Amino acid sequence: MKNKHKSINKILVEIYGFLNEHNIDIIDFWDGDRCAIGFSKNHRLIYINTYNQQNQIYFEIEEHPAELNDTFYEVLSKGYLLNLNELTLLMDNYLV
């Protein structure tokens, strides 16, 4: 993505096949944050951020309550991932 940091673009390139295979949408509610991106399916969202992260990826698992506006998500869990395998496993368990 043109406006995103190289760390986010690297992640997107490496997991593109997984996202495409499972029909997971790339969400960008954070235009001003070059180190943030989200992945969504079925009213669920995994937000990631690479800002100031050394060898890890910050994540939040969020859910969108149907009765609220399109950009509000409730945070269910958050933490850190050590690699892209952990990210795709998280997506496989939560979004797929």
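Everything in this summary refers to the structure shown in the same document. Each chain has its residues counted from 1, running along the sequence as written. Reporting of local features is limited, given that this is a predicted model, to residues whose pLDDT is at least 70; pairs of side-chain atoms are given and counted only at 80 or more, and all residues count toward the totals for whole chains, interfaces and linings. Water and hydrogen atoms were dropped before computing side-chain values, which therefore reflect all heavy atoms in the structure.

## Section: the nonpolar core
Turning to step 1, where the next piece is worked out: Ranked by size, the top nonpolar core spans 21 residues in total, and within it Ile-15, Phe-39, Ile-46, Ile-48, Leu-87 and Met-91 carry the most contacts.
Turning to step 2, where the next piece is worked out: Looking at this core, the elements with two or more residues in it are helix H1 (6–21), strand E2 (36–41), strand E3 (44–49), strand E4 (57–63) and helix H2 (84–94).
Turning to step 3, where the next piece is worked out: Per the convention used, a helix needs a DSSP run of H or I reaching at least four residues, while a strand needs a run of E reaching at least two, with both numbered from the N terminus. The element contributing the most residues to this core is H1, with six residues.
Turning to step 4, where the next piece is worked out: In this structure, Ile-15 is in contact with Phe-39, Leu-84, Leu-87, Thr-88 and Met-91, ignoring residues within four places of it in sequence.
Turning to step 5, where the next piece is worked out: Definition used in this section: a nonpolar core is a set of buried Ala, Val, Leu, Ile, Met, Phe, Trp, Tyr and Cys residues joined via side-chain atoms within 4.5 Å. Remark: exposure states derive from per-residue accessible area (1.4 Å probe, protein chains only) relative to the maximum for the residue type, with buried under 20%, exposed over 50%, and partly exposed in between. In terms of nonpolar packing, the next biggest core, distinct from the first, is built from six residues, Ile-27, Ala-36, Tyr-47 and Tyr-73 among them. Here, two residues are considered to be in contact whenever any of their heavy atoms come within 4.5 Å of each other.

## Concerning the layout of surface pockets
Turning to step 1, where the next piece is worked out: Only protein atoms enter the 1 Å grid used here. Points where a 1.4 Å probe fits but cannot escape make up a cavity, open sets with protein on both sides within 12 Å along at least five of seven lines make up a pocket, and a residue lines them when an atom lies within 4 Å of a point. Grid points are joined across faces, edges and corners, and a volume is the space filled by probe spheres set on the points. Roughly 290 Å³ of internal volume is contained in the largest pocket.
Turning to step 2, where the next piece is worked out: Surrounding the largest pocket, Ser-7, Lys-10, Ile-11, Glu-14, Thr-50, Gln-53, Asn-55, Gln-56, Ile-57, Leu-82, Asn-83 and Leu-84 form its lining.
Turning to step 3, where the next piece is worked out: Here the element with the most residues in the lining of the largest pocket is H1; it accounts for four residues.
Turning to step 4, where the next piece is worked out: Its residues assigned to classes, the lining of the largest pocket comprises four nonpolar, six polar and two charged. In this classification, the charged set is Asp, Glu, Lys and Arg, the nonpolar set is Ala, Val, Leu, Ile, Met, Phe, Trp, Tyr, Cys and Pro, and all remaining amino acids, among them Gly, are polar.

## A short note on the side chain of Glu-62
Turning to step 1, where the next piece is worked out: Checked against the element boundaries, Glu-62 lands in strand E4.
Turning to step 2, where the next piece is worked out: Under this rule, positive means Lys or Arg and negative means Asp or Glu; His and the chain ends count for nothing. Here a salt bridge means any side-chain nitrogen of Lys or Arg lying within 4 Å of a carboxyl oxygen belonging to Asp or Glu. Salt bridges are absent for the buried Glu-62, whose nearest opposite-charge side chain, Lys-78, sits at 8.7 Å.
Turning to step 3, where the next piece is worked out: Contacts of Glu-62, omitting those with residues within four sequence positions, involve His-43, Arg-44, Leu-45, Tyr-47, Tyr-73, Glu-74, Val-75, Leu-76 and Tyr-94.

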